[in-house]
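Chain residues, written in single-letter form:
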Amino acid sequence: MKNNIKVQRAIHDLTQADLAEKIGVSRQTINAMEKNKYVPSTLLALKIARLFKKPVEEIFILEDED
């Protein structure tokens, strides 16, 4: 699964630490998600989508091999 968290952070002028604080996770978790090394829980994905005011599908992209 791919995502565009880094792009959304840039649009909203947020650092990884800023985003992490707003959704209640560590900066390392944000970093791992951006590098596609960690797939977030449904709850975490929904929190990110709500923060960026986007549908989950616009932030997280399911790939054919997923």
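Whatever comes next refers back to the structure up there.
Calculation rules
- Residues numbered from 1 in each chain as written.
- Predicted model: local features only at pLDDT ≥ 70, side-chain atom pairs only at ≥ 80, totals over all residues.
- Heavy atoms only, no water.
- Axes fitted to C-alpha atoms, helices over the stretch in contact; angles between N-to-C directions.
- Helix = DSSP H or I, 4+ residues; strand = E, 2+ residues; numbered from the N terminus.
- Parallel < 35°, antiparallel > 145°, perpendicular 65-115°, else oblique.
- Left-handed = near helix turned anticlockwise from the far one by under 90°.
- Contact = heavy atoms within 4.5 Å.
- Buried < 20%, exposed > 50% of the residue type's maximum accessible area, 1.4 Å probe, protein only.
- Arc of directions from axis to C-beta.
- Salt bridge = Lys/Arg side-chain N within 4 Å of Asp/Glu carboxyl O.

1. Some details on the packing of helix H2 (residues 16-23) against helix H4 (residues 42-52)
Item 1. Interaxial distance between H2 and H4 falls to 10 Å at its minimum, and their mutual angle equals 110 degrees. Here H2 lies roughly perpendicular to H4, going by the angle between them. Taken as a pair, H2 and H4 cross one another with a handedness that is right-handed. Between H2 and H4, the residues in contact are Leu19, Lys22 and Ile23 and Leu44, Lys47, Ile48, Leu51 and Phe52, respectively.

2. Observations concerning the side chain of Arg9
Item 1. Assignment of secondary structure puts Arg9 in helix H1 (residues 5-11).
Item 2. Judged by relative accessible area, Arg9 falls into the buried class, the value being 10%.
Item 3. Ignoring anything within four residues of it in the chain, the contact list for Arg9 reads Leu14, Thr15, Gln16, Leu19, Ile30, Glu34 and Phe52.

3. As for H4
Item 1. All of the buried residues in H4 are Leu44, Ala45, Ile48, Ala49 and Phe52. Down the axis of H4, the buried set is contained in an arc of 135 degrees. They therefore lie on one face. Opposite the buried face of H4, by more than 90 degrees, sit the exposed residues Thr42, Leu43 and Arg50.
Item 2. Looking at the buried residues of H4, the elements they touch are H1, H2, helix H3 (27-34), helix H5 (56-59) and strand S2 (60-61).
Item 3. With its phi angle positive at about 55 degrees, Lys53 sits one or two positions after the end of H4.

4. Examining the pattern of salt bridges
Any two side chains of opposite charge can pair if their charged atoms end up close together.
Item 1. Applying the stated criterion to the full structure yields 2 salt bridges.
Item 2. Arg9 is the salt-bridge partner of Glu34, the closest N and O atoms lying 2.5 Å from each other. Highlighted residues: Glu34 in helix H3 and Arg9 in helix H1, separated in sequence by 25 residues. The same class applies to Glu34 as to Arg9, namely buried.
Item 3. Measuring nitrogen to oxygen at the nearest pair gives 3.8 Å for the salt bridge that ties Glu58 to Lys54.
Item 4. Classification of Lys54 as partly exposed rests on a relative accessible area of 33%.

5. Some points on the side chain of Gln8
Item 1. By the element assignment, Gln8 lies in helix H1.
Item 2. By relative accessible area, which is 6% here, Gln8 ends up buried.
Item 3. Those residues in contact with Gln8, other than ones at most four positions away along the chain, are Phe52, Lys54 and Ile59.

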